[in-house]
Amino acid sequence: MTRDTPLLSVQDITKTYGGRIGCADVSFDLWPGEVMGIVGESGSGKSTLLSCLAGHLTPDTGRVVFDTRSEGPRDVLAMSEPERRMLARTDWAFVHQNPRDGLRMGVSAGGNVGERLMAVGARHYGRIRDEAIDWLGRVEIAADRIDDRPRQFSGGMQQRLQIARNLVTGPRLVFMDEPTGGLDVSVQARLLDLLRGLVRQMGLSAVIVTHDLAVVRLLADRLMVMKGGQVIEQGLTDQVLDDPQHAYTQLLVSSVLQV
Amino acid sequence: MSNHYNFAYLDEQTKRMIRRAILKGVAVPGYQVPFASREMPMPYGWGTGGVQVTAACLTPEDRLKVIDQGADDTTNAVSIRKFFQRTAEVAVTEHTAEATVIQTRHRIPERPLTAGQILVYQVPIPEPLRFLEPRETETRRMHALEDYGLMHVKLYEDIARNGAIATSYAYPVKVEGRYVMDPSPIPKFDNPKLSGTPALQLFGAGREQRIYAIPPFTEVISLDFEDYPFEATKAPHACDLCGDGGSYLDEVITDDAGGRMFVCSDTDHCASRQAAGHRGRLSPQEDAA
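None of the values given here were measured: they were computed from a predicted structure. Per-chain numbering applies: the sequence of each chain, read as written, is numbered from 1 onward. Naming scheme: in the order in which they are written, chains are lettered from A and ligands are numbered from 1. Where local features are concerned, this predicted model is filtered to residues with pLDDT of at least 70; where side-chain atom pairs are given and counted, the filter is 80 or more; whole-chain, interface and lining totals use all residues. Side-chain numbers here rest on the full set of heavy atoms in the structure, without hydrogens or water.

On to the packing of helix H4 (residues 109-119) of chain A against helix H5 (residues 149-162) of chain B, then. A fitted line through C-alpha atoms serves as each axis, taken over the contacting stretch for helices, and the angle formed by two N-to-C directions is quoted from 0 to 180°. Secondary structure follows DSSP: runs of H or I at least 4 residues long count as helices, runs of E at least 2 residues long count as strands, and numbering of each begins at the N terminus. Viewed as axis vectors pointing N to C, H4(A) and H5(B) meet at an angle of 140°, and their least axial separation amounts to 8 Å. As summarised for this structure, H4(A) and H5(B) are arranged oblique, according to the angle between their axes. Crossing geometry of H4(A) relative to H5(B) is assigned as right-handed. Each of Gly110(A), Gly111(A), Glu115(A), Met118(A) and Ala119(A) in H4(A) lies in contact with H5(B), whose residues at this interface are Gly149(B), Leu150(B), His152(B), Val153(B), Tyr156(B) and Glu157(B). Residues are grouped as follows: Ala, Val, Leu, Ile, Met, Phe, Trp, Tyr, Cys and Pro are nonpolar; Asp, Glu, Lys and Arg are charged; all remaining types, including Gly, are polar. Residue classes in the contact of H4(A) with H5(B) are distributed as 5 nonpolar, 4 polar and 2 charged. When describing relative orientation, an angle under 35 degrees is termed roughly parallel and one over 145 degrees roughly antiparallel, while 65 to 115 degrees is termed roughly perpendicular and anything else oblique. Left-handed describes a crossing whose near helix is turned anticlockwise from the far helix by less than a right angle; the clockwise case is right-handed. The contact definition used throughout considers only heavy atoms, calling two residues in contact when any of these lie within 4.5 Å.

As C-alpha cells, then:
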C-alpha cells in the first residue's frame, strides 16, 4: 500500500531566458496524494517552473522523474514526444489560469470533456456522453448544459469545466496555474471547495502555483516560497505560514489583507 | 513539337518536381507531401492542383476524361479538357472505361475503376484537421504523432448537435491504419470506393501546395463511432432518366411549384444506361411500337 518512491521527483531544475534567470536549482519530491503549493510574487519564476515540470518548456539542466504506472520512475524530459503526450493526456492534467487556454471554445461542453477520452481511444458515443454527464455533475454543471459551448458559460463555470475536462481520464498528477485567478471571492470559495473534495476523493497529487495564500492554506499540504527564481523557504503549509523564517516570507504573510 | 508549348503545359523540371512529390505520396499513403505549386492559367479553386498532377502524369498516349461533380459537360470540366487538348494534344473521352487518366472534382465515377487508370482529385483544403486546429505547425505534429483524438471530437459534435454524423462530404478517412486524410469534397457515398481500388488515386491541392496519394489496393476506412457507424448516404430515390436506384443523385428543381427530379450526377453512367435501354420516371415517352 505505502510506496517508497515519490510520484514526482524534481532535481536541480534550472531555466534561464538568455542572461535572465527563470528559475534556478529547484528540487523537491512529491509523494502520492500530496498537494504542493508554490507561492511567490509575479516574476518569481513559479510559472516557469511549472511549465518546465509539465513539459511545456525544456529546462536547461535538471531532471523530472515521474513514477509511471507501467515502467516505474522515468525521466520525463528524456521521454520521446509521443510518450510525453500520452502521459499528458492520461496520468497528467494541466489546469490553466485562463480557461480559454485550456478549453476548446468552439466545441460543446460534452465534446470538451470527451476529447481526452477520444484521444486515448474511446470510440463509443453513448459511453463518452455518459461519462461527460457524470463529470459535469461532479463539477456542479447542470446536465442540460452539455451541448452548450463554453462561451455561453460564466467564468466560474468555464474553470469548473476545464477541471472536469482534465480529470476525466483519472490522472494521478495535476498541475494548476493560478486556478482561482480572475474569479470573484464567492466563486473562488466554491471552486476551492470543489477542488479540495476532488483531490481528497480521487487521491490526486497536485502542484499548485498561486500568489493567493488563502488557496494554499486550504489546499496544499506543503509549501514552497520562491523569489527571484530561487526557492527561499519550504515546509509544511501551516508551519511556513504561521512561523515564516525568511524575511521575504514574513513580508508575504504580513501583506495579506485581513478583513 | 519544337514551336509548340512544352508537352502538357508545364516545363520538364516542374513536372519532374511534381513527379517526385507524387512518388513520395505513393510511398507514404495519405501523407501530405509539400510541393512547389506553380501559377496556372486559371484561378485557385478551379483545380490548379489537379491540373498540375494531371500534367505531370500525362503521356501522349493517354486518353483523358475530366469530370466536375460527376458531369463531363460543366464549365470546369470542359475548360480543363480543352486545356489539355490544346497543350498536350492528348485524346479525350467521356467514357470512364476508355479513360487512362481521369481528373475529377467532387466525385468518383460510378463505374468501378480498373488497373492502369489514374484518378486525379482536385483538393481545396488538404488538411482534415484544419478547422479544428488552425496552426499548421501543430497539425503537422499531430500527423507525425498520430494524435487524432480531435477528429473524433468533430464527429462527436456532429452527433451532439444533429443526432447523427451530419458530415456528408469531405468525410475524414484513415489510410492504411496510419494517416488521417481528407478525401477532397467527395460525397461520403463515394468513400467506400476509395478503399481497395485497382486504380491509382492522386490528390493535388494547388493553393495549399500539397500532393497526396492512395496507391492501388490500399485500405481506406471512414472514421466513426461504434454506436454511430459510418453510412454511405444518398437521396432515397431512383434516377428519373435511367432508373438506377444505386447511383449518387443530383436534385434538379424543374419549376417554381415544388417540381423536382433526381438524376445521376455521373453523366457518363446515366447516358450509357439510357443507351442500354434503361428508362426512368421522367424519361421522354418513346413511340409506341
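So, about the pattern of salt bridges. All names here are of chain A. The rule for a salt bridge is simple: a side-chain nitrogen of Lys or Arg has to be within 4 Å of a carboxyl oxygen of Asp or Glu. With the rule as written, the count across this model stands at 39 salt bridges over all chains. For Arg-222, the salt bridge is made with Glu-34, and the minimal N-O distance between the two is 2.8 Å. On the criterion of sequence distance, the pair formed by Arg-222 in strand S9 (residues 222-227) and Glu-34 in the loop between strand S2 (20-30) and strand S3 (35-40) is long-range, its members being 188 residues apart. With respect to burial, Arg-222 and Glu-34 carry one shared label: buried. Only protein chains enter the accessibility calculation, which uses a 1.4 Å probe; a residue is then buried when its area is under 20% of its type maximum, exposed when over 50%, and partly exposed in between.

Let us look at the confidence of the model for chain B. Looking at chain B, pLDDT values average 93 and 97% of them are 70 or higher. For this predicted complex, the interface score ipTM comes out at 0.83, alongside a pTM of 0.85. A score from 0 to 100, pLDDT tells how confident the predictor is in each residue.

This brings us to the interface of chain A and chain B. Taken together, the contacts link 23 residues of chain A with 21 residues of chain B. Ranking the residues of chain A by area buried against chain B places Arg85(A), Arg123(A) and Tyr125(A) at the top, with a combined share of 39%. Our count for the chain A to chain B interface comes out at 4 salt bridges. Residue Asp147(B) pairs with Arg89(A) through a salt bridge whose shortest N-O separation is 2.6 Å. Polar contact criterion, stated in full: a pair of N or O atoms within 3.5 Å, where within protein one must be able to donate a hydrogen and the other to accept it, and residues adjacent in sequence count only if both atoms are side-chain atoms. The interface formed by chain A and chain B includes 11 residue pairs in polar contact (both at pLDDT 80 or more). Grouping the amino acids of the side of chain A that touches chain B by side-chain chemistry returns 7 nonpolar, 6 polar and 10 charged. Joining two parts hides part of their accessible area as seen by a 1.4 Å probe, and the buried area is that hidden amount summed over both.

Before going further, it helps to spend a moment on the confidence of the model for chain A. Regions with low pLDDT carry predicted coordinates that are not meant to be interpreted in detail. Per-chain confidence: chain A averages 89 in pLDDT, with 98% of residues scoring 70 or above. Of all secondary-structure elements in chain A, the lowest mean pLDDT belongs to helix H7 (residues 185-202) of chain A, at 85, while helix H5 (residues 125-138) of chain A reaches the highest, 94.

Let's shift gears to the packing of aromatic side chains. Here a Phe, Tyr or Trp ring, Trp counted by its six-membered ring, pairs with any other such ring whose centre lies within 6.5 Å, and the pair is stacked when the planes are under 30 degrees apart, edge-to-face when over 60, and tilted otherwise. Per the stated rule, a full pass over the model turns up 13 aromatic pairs over all chains. Both rings, one in Tyr125(A) and one in Phe225(B), keep their centres 6.0 Å apart while their planes meet at 65°; by these two values the pair is edge-to-face. Separated into two different chains, Tyr125(A) in helix H5 and Phe225(B) in the loop between strand S10 (220-222) and strand S11 (249-253) make up a pair that spans both. The same class applies to Tyr125(A) and to Phe225(B), which are both buried.

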